[in-house]
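Single-letter residue listing:
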Amino acid sequence: MSASMAYAGLWRTCRMLLPRHHVLSPAAIRTQSSASGDLMPWTSLSRPPWPEQPSPYSAEEEQSRHAAVVSTVNQRINLRDFGRLFAVVHFAGRQWKVTGEDLILIENHIEAECGERIRMEKVLLVGAEDFTLIGRPLLGKELVRIEATVIEKTESWPKVHMRFWKRHRFQRKRIIIQPQTVLRINGIELAPRLT
Amino acid sequence: MTSRGTPSRFLRSVLQNGVGRYVCQLKRISIVFSKKAQSSLGARDFIEEGVVDYANKNPGTVVYVSPQPCRVPKIVAEYLNGNVREETITSKTSQQISELLTKLTNQSGLEIIRIRKPFHTDSPSIQGLWHPFTNRPPSIGPLRPQKPDSQ
């Protein structure tokens, strides 16, 4: 307990010594409404716990490097030089890492008949073997297209929900059967247009 | 019982259904009912009204209607993977029987037991599996064969 308090004091003193105005996180740039001039309230998570190292490249060099990476990735996409694609998709309240031809089980009812094709629109990330496209937080709908087919709409196995309090003569038993849907991901398509 | 005491299986589909075309997994439906009993009333109503529409809507499923002297009317559903499911329809209305039939049509024939994982992939890794040496620079330089000391 005392050791953690000492370390907390250490972190705070380190924080006071370091110049604050150099830290320009994107979050700080967005919220500029404080009256005292501070961009964001300073918390223990405002900066990473490792010391900040200035990058060895200058700003122009970094920009040129970024441009080179973007042009390489654009070229790969235009020439369709990638193999199998995977994607992280937000569907039914969960995020799934998804490739072509794989199966997904959703624990609710979907308003689509068996055999119908569905397009999944909330795509967070698409990756191939050599490059990854990360959305902030979503990728555009004209960039990625993920299609799935509804294969099966069943019910789950009868799950037992039992509550029991010992020495109180209390027990309740309930059988829960949930509707389930099985989706088959037909494929992920990447459009040859990247801004 | 608990999930440990009951059998379980992994999520799968019958013969990669859905990769190409979707195929309805229900092969055959037999409606066994009695002509006179009270419990088969709903079954008889369903056969009067709804059976023909159901058969037309599902062209891939064969519907057999067999009136027999039986106490318990039932629906026997056979699937493409060979599994057979029997559901009793005693004292059910025609509407309930049609809902039951749609439920059976939408199922594949796999057993309704605990499914271990809600996903299944045949290619789990695209960028390569992680091992402790991925994304780490080598700490020692490139290894070269050592020159023998005599030369």
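Relevant structure appears above.
Anyway, here's the lowdown on the structure attached to this text. Model, not experiment: these values are computed from the prediction.

1. A few points about the packing of aromatic side chains
Given two aromatic rings, one states the distance between the centres and the angle between the planes to describe the pair.
Residue and element names in this part refer to chain A.
Point 1. Scanning the entire structure with this criterion turns up two aromatic pairs over all chains.
Point 2. Seen from their ring centres, Phe 82 and Phe 131 are 6.1 Å apart, and the 70° between their planes marks the pair as edge-to-face. Taken together, the positions of Phe 82 in the loop between helix 3 (59-78) and strand 1 (86-91) and Phe 131 in the loop between strand 5 (123-127) and strand 6 (132-134) put the pair 49 residues apart, joining distant regions of the chain.
Point 3. Between Trp 165 and Phe 170 the ring centres are 4.7 Å apart and the planes differ by 35°, which places this aromatic pair in the tilted class.
Point 4. Classification of Trp 165 as exposed rests on a relative accessible area of 54%.
Point 5. By relative accessible area, Phe 170 is classed as buried at 16%.

2. Examining the interface of chain A and chain B
Point 1. Chain A puts 32 residues into the contact, and the matching count from chain B is 28 residues.
Point 2. On the chain A side of the interface with chain B, the three residues burying the most area are Leu103(A), Trp157(A) and Arg184(A), jointly 26% of the side's total.
Point 3. Our count for the contact surface shared by chain A and chain B stands at one salt bridge.
Point 4. Taken together, the connections running from chain A to chain B amount to 11 residue pairs in polar contact (both at pLDDT 80 or more).
Point 5. For the side of chain A that touches chain B, the secondary-structure elements that each account for two or more residues are strand 2 (94-98), strand 3 (103-106), strand 7 (144-155) and strand 10 (179-190) of chain A.
Point 6. The greatest single-element share of the side of chain A that touches chain B, amounting to seven residues, is contributed by strand 7 of chain A.

3. Quick look at the environment of Pro179(A)
Residue and element names in this part refer to chain A.
Point 1. With respect to the helices, strands and loops of the structure, Pro 179 is situated in strand 10.
Point 2. You can call Pro 179 partly exposed: its relative accessible area is 39%.
Point 3. Taking the C-alpha atoms as reference points, Pro 179 and Ile 134, 45 residues apart in sequence, are found 33 Å from one another.
Point 4. Apart from residues no more than four positions distant in its own chain, Pro 179 is found in contact with Ile 106, Glu 107, Asn 108, His 109, Thr 154 and Glu 155.

4. Concerning the sheet that holds strand 3 (residues 62-67) of chain B
All names here are of chain B.
Point 1. Taken together, four strands build an open sheet; the order of strands is 3-2-4-5 and the sheet is mixed. Sheet topology places strand 3 and strand 5 (84-88) at the edges, where each strand pairs with a single neighbour. Strand-to-strand, the axes of this sheet are offset by a mean angle of 15°, without reference to chain direction.
Point 2. Relative to strand 4 (residues 74-79), strand 2 (residues 26-33) runs antiparallel, the two being bridged by six bridges. Residue pairing for strand 4: Leu 26 is matched across the bridge by Tyr 79.
Point 3. The strands that helix 1 (residues 41-49) touches are strand 2 and strand 3; relative to strand 2, the one it contacts most, it runs at about 125°.
Point 4. Helix 3 (residues 94-106) contacts strand 2, strand 4 and strand 5 of the sheet and is inclined by roughly 15° relative to strand 4.

Rules and cut-offs
Residues numbered from 1 in each chain as written. Chains lettered and ligands numbered in written order. Predicted model: local features only at pLDDT ≥ 70, side-chain atom pairs only at ≥ 80, totals over all residues. Heavy atoms only, no water. Phe/Tyr/Trp six-rings, centres within 6.5 Å; stacked < 30°, edge-to-face > 60°. Helix = DSSP H or I, 4+ residues; strand = E, 2+ residues; numbered from the N terminus. Buried < 20%, exposed > 50% of the residue type's maximum accessible area, 1.4 Å probe, protein only. Contact = heavy atoms within 4.5 Å. Buried area = accessible area lost by both parts, 1.4 Å probe. Salt bridge = Lys/Arg side-chain N within 4 Å of Asp/Glu carboxyl O. Polar contact = N/O pair within 3.5 Å; in protein donor to acceptor, adjacent residues only side chain to side chain. Pairing = 2+ DSSP bridges. Axes fitted to C-alpha atoms, helices over the stretch in contact; angles between N-to-C directions.

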